[in-house]
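In case you want the letters, here they are:
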Amino acid sequence: MPKSSDKTKQQIERLVKDLNDHCYQYHVLDSPVISDSEYDLLYRELKDLEERSGYSPPDSPTRRIGAPPLEKFEKVNHTMPMLSLGNAFSYDEVREFEQRIKRYLKTDENILYTVEPKYDGLAIELTYKKGLLHRASTRGDGSVGEDVTDNIKTIKAVPLKIVGDSVPEVIDIRGEVYIDIREFEALNREREEQGAPAFANPRNAAAGSIRQLDSSITAGRKLHLACYGIGFVQGSAFNSQREFIQWLKGARFPTPSGMQPAEGIENVIKAVQNIEERRDTYPFETDGAVIKVDSFDTQKRLGMKTREPRWAIAYKFPAHRGVTQIKNILASVGRTGTITPVALLEPVRIGGVTVSRSTLHNWDELERKDIRIGDTVIVERAGDVIPHVIAVSKDKRTGEEKVFHPPENCPVCGSAVEKGEGEVAFRCIGLNCAAQVQERIKHYSSRSAMDIEGLGEKIVALLFSEKLVGHFSDIYTLKKEDLLNLPRFAEKSAQNLINAIDKSKSTTLARFLYSLGIIHVGEYAAKLLARHFEKLDDLYRVKAEKIITIKQIGEKIAASLEKFFNDEENLQTFETLKSFGLNLSNPDFKGMEEEALPLEGITFVITGTMPVARKEIEEDIERLGGRASGSVSKKTDYLVAGESPGSKLAKARALGVKTISYDELLEMLKIRAG
Ligand code: IVH
């Protein structure tokens, strides 16, 4: 490598500074001063100089891309846990939030808050050491996340270096990575064309873009960042959220749009309303407003309950609604043969998203709501779910509307349609129904199942119509040459798909069980099975009575599993898959012995004023297997006493029942929950 002269070094540093300034102007301030092609020219000049001299500063924009793909994400321990937020669904619940705070602080003085939009994205922690971006990690379970540094670096709004005078030694900055609604729609259109499954909402799109082992995929997605929080910090101190946000701005970090301070809860509510009014004008999806106590000192005094801080809450906006017309109703056939009605809508923009289809759930609902073709309907989009029709405007009827009946024959294969006893669903009984077969293959290859990248809707349809696959086990017989004969494939894409198929052969038993698409067996049930059955073979010819001994698995699931694992053809399929190299590990296995829930057999009574709703505490206790009772008796194990406990405390003392505080209960829940 030739040694760089001082002059070249200076030139490089100048270019890095200029390009970073432009990057900030464009991606954070949204007001570029040079054109894209001028930027590209400067960038190429820098890249060229860096290559020739072998010198590239750590904050050079050339370092944002080109990291080699990873094998897996490394785990990252968060120095301070990344918490989630409690929700308020009404202004009264916002007022209760403030009441709790005042009770806790034993004060009646007005409190200063900040109010900011809640971004619908993925929480990220950025760790800077001596001002340089050291690592970026996902929230994960709050304590342990994943190292996604290479991916985060591709987001141009993320500073690689903190500018300004007061640069802390170490600082964890938290924020949300998100995708704009328009980008989200464009990305889904593109994915549809490529046969990849669409993302259900902008949050999934952001998360899916960050959880990529190959950062060049992330680089191709137009992701943004809004920083709103702080974790561990050393060598600097901030007194309040407002002060911290000011510092972030000065240090060139993007911060939430329209953050407002508000003193007293009624002003908080006004600020929330203000954000809600502007909701549709934001380019990003927001499903609420986050209210935070401004003072960090007060935040510290308030602390947290199990996983949420006491000093912040998310007010959730009601779902977006729109009015449109049903152009047609289709009967769509799912993986298990279930036939569901789907409404094709006159496209309508609802909260910034174009909606043209809506599930009608089931035929009973269609009848109950009396939904007809041609009806004017109110459609709701709740941020993260598929839009659904909530009501019909019957006053708009002209008499031309048509009732749509469940089909007597499957619209895809023509087989008979049956309605199971006590079920609302109609099912196509055709075992080889093309729709079912394709849906099963799609499910088998989906991300939470065998995770075969590139085997989406369009490719499955193509492979099926070319008779290359008729069952999911046929996937493993595919050869590169077969793919190369098809219109959608070139050398690289064919090889990628073959590699992805090959990779899927080594997976966990839980994933595989879920992939099979057994009726009523979702991801959670599959995990429970893997916990109790060590190998796939242990499930061969299993009886429902055995499965039902697993707590949380009911009769319906047990019966479905018995049917599935006593079918010789299914067992034969397993043997075939094994001969293709299916190799299942089972990290979930714990054995058939049921471990008791941590609070099983322990009875609690709660009395006096609690910092959170009593119902919430009781639910926590019950979730861990305990019992929450209303009155003290000899059978009571613990009395949880808050302020002004009254007669129950006296009775507990008389009976010798142990009394604990709310904080002691929390400790107990935490310890016992492991
Ligand atoms: S503050 C302890 N501010 O919402 C407080 N969170 O439902 C932690 N989020 O995990 C978060 N916008 O991923 C905060 N302006 C905002 C936010 C925000 C979106 C996300 C964040 C958090 C989740 C909680």
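Provided above is the structure to which this section pertains.
Only a predicted model underlies this, so the values are computations on that prediction, with no experimental measurement involved.

A. Representation of the site of the ligand within the structure. Taken together, 13 residues lie near the ligand, and Glu116, Tyr119, Glu176, Tyr228 and Lys292 sit nearest. Taking Pro117, its main chain carries an N or O atom lying 3.2 Å from a nitrogen atom of the ligand. Relative to its unbound accessible surface of 520 Å², the ligand loses 87% to contact with the protein. Where the shell around the ligand is concerned, the elements lending two or more residues are β3 (112-119) and β10 (286-293).

B. Representation of the state of the cysteines within the structure. Evaluation of the coordinates by the stated rule reveals zero disulfides. We note that Cys410 lacks a disulfide partner, and the nearest cysteine sulfur, in Cys428, lies 3.7 Å from it. Under the relative-accessibility criterion, Cys410 is labelled buried at 4%. Distance from the sulfur of Cys433, which forms no disulfide, to the nearest cysteine sulfur (Cys413) is 3.7 Å. Using a relative accessible area of 1% as the deciding quantity, one classes Cys433 as buried.

C. Inspection of the pattern of salt bridges at higher detail. According to the stated counting rule, one finds 38 salt bridges in the structure shown. Of the charged contacts in the structure, one is a salt bridge between Lys17 and Asp21, with a shortest N-O distance of 2.9 Å. Here Lys17 pairs with Asp21, and both are found in helix α1 (residues 6-27), just four residues apart, close to one helical turn. Taking the relative accessible area as the measure of exposure, Lys17 reaches 45% and is therefore partly exposed. The partner of Arg211 in a salt bridge is Glu146, with the nearest N and O atoms 2.9 Å apart. Of this pair, Arg211 sits in the loop between α6 (202-210) and α7 (215-219) while Glu146 sits in strand β6 (residues 144-146), and the two are 65 residues apart along the sequence.

D. Examining the sheet that holds strand β2 (residues 86-88) more closely. Across the sheet, five strands lie side by side as β2-β13-β10-β3-β9; this open sheet has mixed pairing. Sheet topology places β2 and β9 (260-263) at the edges, where each strand pairs with a single neighbour. Strand-to-strand, the axes of this sheet are offset by a mean angle of 35°, without reference to chain direction. For β10 and strand β13 (residues 312-316), the ladder comprises five bridges, and the chain directions are antiparallel. Looking at the pairing, Val290 lines up with Ala314 of β13. Where helix α3 (residues 91-105) meets the sheet, its contacts fall on β2, β3, β10 and β13, and the angle it forms with β13 comes to roughly 175°.

E. Region of the structure containing the packing of aromatic side chains. In this structure the tally under the stated criterion is 24 aromatic pairs. Here the aromatic rings of Phe244 and Trp247 are separated by 6.3 Å at their centres, their planes lie at 15°, and the arrangement is stacked. Remark: Trp247 and Phe244 occur in helix α8 (residues 241-250); sequence separation between them is three residues, near one turn of the helix. Overall, Phe244 belongs to the buried group, its relative accessible area being 0%. By relative accessible area, which is 12% here, Trp247 ends up buried. On the basis of an interplanar angle of 80° and a centroid distance of 6.4 Å, the ring pair of Tyr444 and Tyr476 is categorised as edge-to-face. Of this pair, Tyr444 sits in helix α12 (residues 434-445) while Tyr476 is found in the loop between α13 (457-465) and α14 (480-484), placing the two residues 32 residues apart along the sequence. Under the relative-accessibility criterion, Tyr444 is labelled buried at 0%.

F. View of the sheet that holds strand β4 (residues 122-129). One open sheet holds the four strands; their spatial order is β5-β4-β7-β8, and the pairing between them is antiparallel. Whereas interior strands pair on both sides, the edge strands pair on one side only; in this sheet they are β5 (132-138) and β8 (223-234). Adjacent strand axes in the sheet meet at a mean angle of 25°, parallel and antiparallel pairs treated alike. Inspection of the sheet shows strand β7 (residues 170-179) paired to β8 by nine bridges, in the antiparallel sense. Counted as the bridge partner of Ile171 is Val233 from β8. With respect to the sheet, α8 is in contact with β7 and β8, its orientation differing from that of β8 by roughly 120°.

G. Main features of α6. Taking burial as the measure, the nine residues of α6 include seven buried ones, the bulk of the element. Burial in α6 covers these residues: Pro202, Ala205, Ala206, Ala207, Gly208, Ser209 and Ile210.

H. Here's a closer look at the packing of α3 against helix α9 (residues 265-278). Interhelical geometry of α3 versus α9 gives an angle of 140° and a closest axis separation of 10 Å. Relative to α9, α3 is oriented oblique. Crossing of α3 against α9: the hand is right-handed. Here Tyr91, Val94, Arg95 and Glu98 of α3 come into contact with α9, specifically with Ile265, Glu266, Val268, Ile269, Val272, Gln273 and Glu276. Grouping the amino acids of the contact of α3 with α9 by side-chain chemistry returns six nonpolar, one polar and four charged.

I. Layout of the pairing of β5. Pairing of β4 with β5 involves six bridges; the strand directions are antiparallel. In the strand pairing of β5, Glu125 is matched with Ser137. What sits between β4 and β5 in their antiparallel hairpin is a turn of two residues, with Lys130 showing a positive phi close to 45°.

J. Spatial organisation of the side chain of Glu401. Relative to the assigned elements, Glu401 resides in the loop between β18 (388-392) and β19 (417-419). One buried charged side chain, Glu401, makes no salt bridge at all; its nearest oppositely charged neighbour is Arg397, positioned 4.7 Å away. Side-chain polar atoms of Glu401 contact the backbone nitrogen of Thr398, separated by 2.9 Å. Polar side-chain contacts of Glu401 include one of 2.9 Å to the backbone nitrogen of Gly399. In contact with Glu401, other than residues within four places in its own chain, are Arg372, Ile373, Gly374, Asp375 and Lys396.

So, how was this worked out
- Residues numbered from 1 in each chain as written.
- Predicted model: local features only at pLDDT ≥ 70, side-chain atom pairs only at ≥ 80, totals over all residues.
- Heavy atoms only, no water.
- Near = heavy atom within 4 Å.
- Polar contact = N/O pair within 3.5 Å; in protein donor to acceptor, adjacent residues only side chain to side chain.
- Areas by Shrake-Rupley, 256 points an atom, 1.4 Å probe, with all protein chains shown as cover.
- Helix = DSSP H or I, 4+ residues; strand = E, 2+ residues; numbered from the N terminus.
- Disulfide = S-S within 2.5 Å.
- Buried < 20%, exposed > 50% of the residue type's maximum accessible area, 1.4 Å probe, protein only.
- Salt bridge = Lys/Arg side-chain N within 4 Å of Asp/Glu carboxyl O.
- Pairing = 2+ DSSP bridges.
- Axes fitted to C-alpha atoms, helices over the stretch in contact; angles between N-to-C directions.
- Contact = heavy atoms within 4.5 Å.
- Phe/Tyr/Trp six-rings, centres within 6.5 Å; stacked < 30°, edge-to-face > 60°.
- Parallel < 35°, antiparallel > 145°, perpendicular 65-115°, else oblique.
- Left-handed = near helix turned anticlockwise from the far one by under 90°.
- Nonpolar A, V, L, I, M, F, W, Y, C, P; charged D, E, K, R; others polar.
- Lys, Arg positive; Asp, Glu negative; His and termini not counted.

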